[in-house]
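# Reading the structure
Chain by chain, the residues run as shown.
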Amino acid sequence: MTDVLVIGAGPAGMSAALKLQARGLAVTVVDDQPAPGGRIFAAIETRRAHGAEDRAGAELVTSFRKGGGNYLPNTEVWQIEPGPRVFMTREGRARMLEPRFVLLATGAQERPMPFPGWQLPGVMTIGGAQILLKTARQIPDRPVWLAGSGPLLLLYAHQLIAAGGSVAGILDTTPPGRLAASAARLLAALGYGWRDLLRGLGWWLHLRRLRTIKGVAAIEAIGPDRLAAVRYTTRRGASGEIATDLLLVHDGVVPGVHATLAAGCAHRWNSVQRCFEPLVDRFCASSNPEVFVAGDGATVAGGRAAMLSGALAAIGIALAAGKLSSAEAEAAAAPLRRGLAAAASFRRFLDALYPPVEMPIPDTTQLCRCEEVTARQVRASLVGRPHLGSDGVKIATRAGMGPCQGRQCGLSLTRLVAEVHGRTPADIGFLHIRPPLKPLTLGELAALETTP
Amino acid sequence: MIRKLDLDGVVMKPVTISVDDVAISAEEGEPIAAVLLRVPPFTARATPVSGAPRAPFCMMGVCFECLVEIDGETSTRSCLARARHGMSVRRQAARPDPLRNMGV
Amino acid sequence: MTATADALVIGGGLHGLSAALQLARRGASVILLERARIGRHSSGASAAGVRTLSRAPAELPISLAAMEMWHNIEDLVGDDCDFRADGQLKVAETNDELDELRARVNRLRQDGFFHEEIIDASELRELVPALAQHFIGGVIARRDGAADPHRTLAAFLRAVLGAGVVVHEGLGVSRLERREGVWRAGDGNSWFEAPLLVNAAGAWAGQIAAMAGDNIPLGTKASMMIVTERIAPFVRPTVIAPERKLSLKQTSQGTLLIGGGQQGRPDLQNERSEIDTRLLAKAAAAATELFPGVGPLRIVRAWAGLEAKTSDNVAIAGLSPSAPGLMHLFGFSGHGFQLVPALGVAAAELLLDGRSSVDISGLSPQRLMLPKKTTLPKPGLRYNPGEYTCEISDFD
């Protein structure tokens, strides 16, 4: 009998599981990867730990293996019904679990960055390249071009060079004036993030000698069947074409909201990070009192904040389960909340330094990769239909109907619809997410086991 | 396009898998998508909509570009599948065809 | 602000669009009022079965008339709506089932209906090679088939706009009254007036009817559907097995669409339905039993619709016996799609001429009407967890 089902064995999930088990709750942790660690500590048990954060992650994983409850890797959750009743697939078999509480710690994903030709083989995300490095020790075998903006771009460039790879150049889409804009937030950020800032500064200095084309406003990947070149234009009107067969792209990180949307949780639009986030209270409870959300899946704040957030959610769940009093919970939560507030200050600095870029989306862009629907088709479906939202566009064009179910196009759809209607993304909302969250087979569903 | 780094003190068990009937060396537990990215033509599939070639993109299971057939199971995300000795991987060029599999 | 027309249509699903189209083509000025967006609920979640097969006798005349229109749908709305007449087929597993089907076909023939035909095991094998081998026969309507619901919606909307109908989306009718020979419908900000009114408000039509003074009990269905990834050609006719609560077809995109009646949880108040996963598993199980090859196929998504159901599962189409100039057009109980083209004609004929050229007396609102109530209905119908058949409840 599971008291708490934790979905996700990254830093938030692992921290929560340890704390919950320590308070006497029966915890089951499920994760779609073969080993714990999430993205940031992916494959931490089989690779060399680099730096203090990695070492902390390795320790967390070790503790988690010992005391984190019943851990089920290679398990995918595909539906969360009221109850809560959670449906998942493991080893080809679909099962149902009825815990008292669910903690969603499913983390973030990269913000979709659509541009003409982004679907060509040879274009990959920086996050994807990083996972390749961590889980398979693979790097590009020749100098690679990076395009986009954000700390992850710097981090990967640094990691790549440290691993013996090489960066041919950077197409930097960061808007101008960011240093000035972020200076005001620097002081507040120092307390929490001075080590990160120093590290970041170190990367930046090291990478300054890389060829960087600044102020890039638009890019286009040229095929026809796989990437052969990248065309770019800058805000100043300069343009160029670079021959390359590998381009790594990045425009920030956003919470993955499919699980929280499917679970019926309320969300809000974060207008600074330009993404949807589940609404959570001071104990990480969502609008659904049995569903808690921790880590980057609640708001993107990095690995250390995720650990604090997981611990806070554990307190919230323990309180809801009657394992501690309100006073005890508030006392235990106080230092965690202080840590999270400090993390938030650092985040605000980073947001000012690297705001989401959201390049304009030309008509020829394949907005929905799965169903190969262009931005032109999306815009055409909105003509004369002021009440048509993302779901209406989906019905009219098939955008969002493919296997990824809007993970790669949902945010862009919302943005386009908002632009055409002259409204805000908050007004438009996100696609209506329907089960299954992962593409289980008919056979697996047919054999659903409902008894434990 | 992609190359493997040296072992760097990490212990990995070598295994042999087949990719479109060609024997390929891999490391036990590495993502199949990583293998595909070092085996020409470095793609995973052709889309069922237009037949355009696609390659792994996000490496974390949220883009669904890396779909291949693994040990007979079609439309499997290769970034989540881990190499095991004897695994058979086929790039997915056509739509799944259950009628043909039934021998009809 | 007040806008006037010859006719108002409440409800922007396919039936509302069809009625608006036919009224406009007869020269009436028409305003259509839709609370959310065109095709938001039942029409947009439809399996788009174009089916005369297995219909109740009361629906047969209008269904057969509609089938003729489907075979010329491009003339009607300028688009073939991806209608493919690959047939609809109800399969039998046992001799008893087959005997029942035979008995029905004989009765139909006696009544002059020849659209249903019994087929034997060998023709079944030929028509549906993917079907499990133990099925022994079935009944087929060869001119039946399926269309694309979204293309159909888009085509009807284009035709309606082309005919000069004024369509208001995002306009939910919350007030309705009849004053000085004219219907007045409003949302609190604007009023719309016309002597003629079509109530095509889908799952909310009972509420509209009540506002007009007609007490017609209406239940809610939330039939669930599964769509798979795109696959190679697998099945041509639509195959139904009602006792198994299964219907399966392959769309033009190559996806398999699996439905047939397993119910999700409707929430009329909040205008949405939720999947019941354990019952969805039963639908998947039925699919894999009838079509053994489909087990390995990936489910891309599932949904539950939100539509009206009458106590006898037969549609309501006819003039209100009490309120003048009001055409009721709702309660399609999960099988309204095919009737769309012909019922629009019937609506226009009844409102403008007082009679319909096709006999739809079996669909009259009177047969289900209850005595007038003095209080207005409470909005919404509640679904009781644990009850998987929908309740028909009166408003109290």
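Residues numbered from 1 in each chain as written. Chains lettered and ligands numbered in written order. Predicted model: local features only at pLDDT ≥ 70, side-chain atom pairs only at ≥ 80, totals over all residues. Heavy atoms only, no water.

## Things to note about the overall build of chain B
Helices and strands together make up the secondary structure of chain B, namely 2 helices and 8 strands. Rg of the C-alpha trace for chain B: 14 Å, near the compact-globule value of 13 Å for 104 residues, within the 12% margin. For chain B, the spread of C-alpha atoms along the principal axes amounts to about 50 × 25 × 20 Å. Contacts spanning at least 24 positions in sequence make up 42% of the contacts within chain B whose residues lie at least 6 apart. Surface exposure of chain B reaches about 4300 Å², of which carbon and sulfur atoms provide 54%. Taken together, the 13 basic and 12 acidic charged side chains of chain B have centroids lying 4 Å from each other. (Helix = DSSP H or I, 4+ residues; strand = E, 2+ residues; numbered from the N terminus. Rg over C-alpha atoms; globule rule 2.2 N^0.38 Å. Contact = heavy atoms within 4.5 Å. Areas by Shrake-Rupley, 256 points an atom, 1.4 Å probe, with all protein chains shown as cover. Lys, Arg positive; Asp, Glu negative; His and termini not counted. Charge placed at Lys NZ, Arg CZ, Asp CG, Glu CD.)

## Structural notes on the overall build of chain C
The helix and strand tally for chain C stands at 9 helices and 24 strands. In summary, chain C has a C-alpha radius of gyration of 21 Å against a globular reference of 21 Å for 396 residues, a match within 12%. Along the first, second and third principal axes, the C-alpha set of chain C runs to 65 × 45 × 35 Å. Counting the 396 residues in chain C, one finds 61% classified as buried. Partitioning the contacts of chain C with sequence separation of at least 6, the portion at a separation of at least 24 is 72%. (Buried < 20%, exposed > 50% of the residue type's maximum accessible area, 1.4 Å probe, protein only.)

## Remarks on the sheet that holds strand β1 (residues 4-7) of chain A
Residue and element names in this part refer to chain A. Sheet architecture is open: 5 strands sit in the order β3-β2-β1-β7-β21, paired in parallel fashion. Looking at the sheet topology across the chains shown, the edges are occupied by β3 (70-72) and β21 (291-293). Looking at each pair of strands side by side, their axes are set apart by 20 degrees on average, direction ignored. In the sheet, β1 pairs with strand β2 (residues 27-30) via 4 bridges, with the strands oriented parallel. Looking across to β2, one finds that I7 is bridged to V30. (Pairing = 2+ DSSP bridges. Axes fitted to C-alpha atoms, helices over the stretch in contact; angles between N-to-C directions.)

## A look at the interface of chain C and chain B
Listed by partner, the interface residues are 14 residues for chain C and 13 residues for chain B. Three residues stand out in chain C for area buried against chain B, namely R230(C), A232(C) and R298(C), and they jointly supply 42% of the buried area on that side. In this structure, the connection of chain C to chain B is made through 1 salt bridge. Across the chain C-chain B interface, the total number found is 7 residue pairs in polar contact (both at pLDDT 80 or more). Taken together, the residues of the side of chain C that touches chain B sort by class into 8 nonpolar, 3 polar and 3 charged. (Buried area = accessible area lost by both parts, 1.4 Å probe. Salt bridge = Lys/Arg side-chain N within 4 Å of Asp/Glu carboxyl O. Polar contact = N/O pair within 3.5 Å; in protein donor to acceptor, adjacent residues only side chain to side chain. Nonpolar A, V, L, I, M, F, W, Y, C, P; charged D, E, K, R; others polar.)

## Quick word on the pattern of salt bridges
Scanning all chains against the criterion turns up 63 salt bridges over all chains. Note that D245(A) is salt-bridged to R142(A), the shortest N-O span being 2.9 Å. Of this pair, D245(A) sits in the loop between β16 (239-243) and β17 (247-251) while R142(A) sits in the loop between β10 (138-140) and β11 (144-149); the two residues are 103 residues apart in sequence, bridging distant segments of the chain. Ionic contacts of the salt-bridge type, sharing partners, join the residues E81(A), R85(A), E98(A), R265(C) and D276(C) into one network.

## A closer look at the confidence of the model for chain C
Residues and elements named next belong to chain C. Taken over all residues, the pLDDT of chain C has a mean of 92, while the share at 70 or more is 94%. The low-confidence segment residues 376-396 (pLDDT under 50) makes 49 contacts with residues lying over four places distant or belonging to another chain. Both scores are available for the predicted complex, with the pTM at 0.93 and the ipTM at 0.95. (pLDDT = per-residue confidence, 0-100.)

## A look at a nonpolar patch on the surface
Taken together, the side chains of L186(A), L187(A), L190(A), W194(A), L198(A), L201(A), W204(A) and L205(A) make up a nonpolar region of the molecular surface, amounting to roughly 790 Å² of accessible area. Note on placement: L187(A) falls in helix α5 (residues 178-207). (Patch = residues over 30% accessible without salt bridge, like charges linked within 9 Å, V, L, I, M, F, W, Y side chains within 5 Å.)

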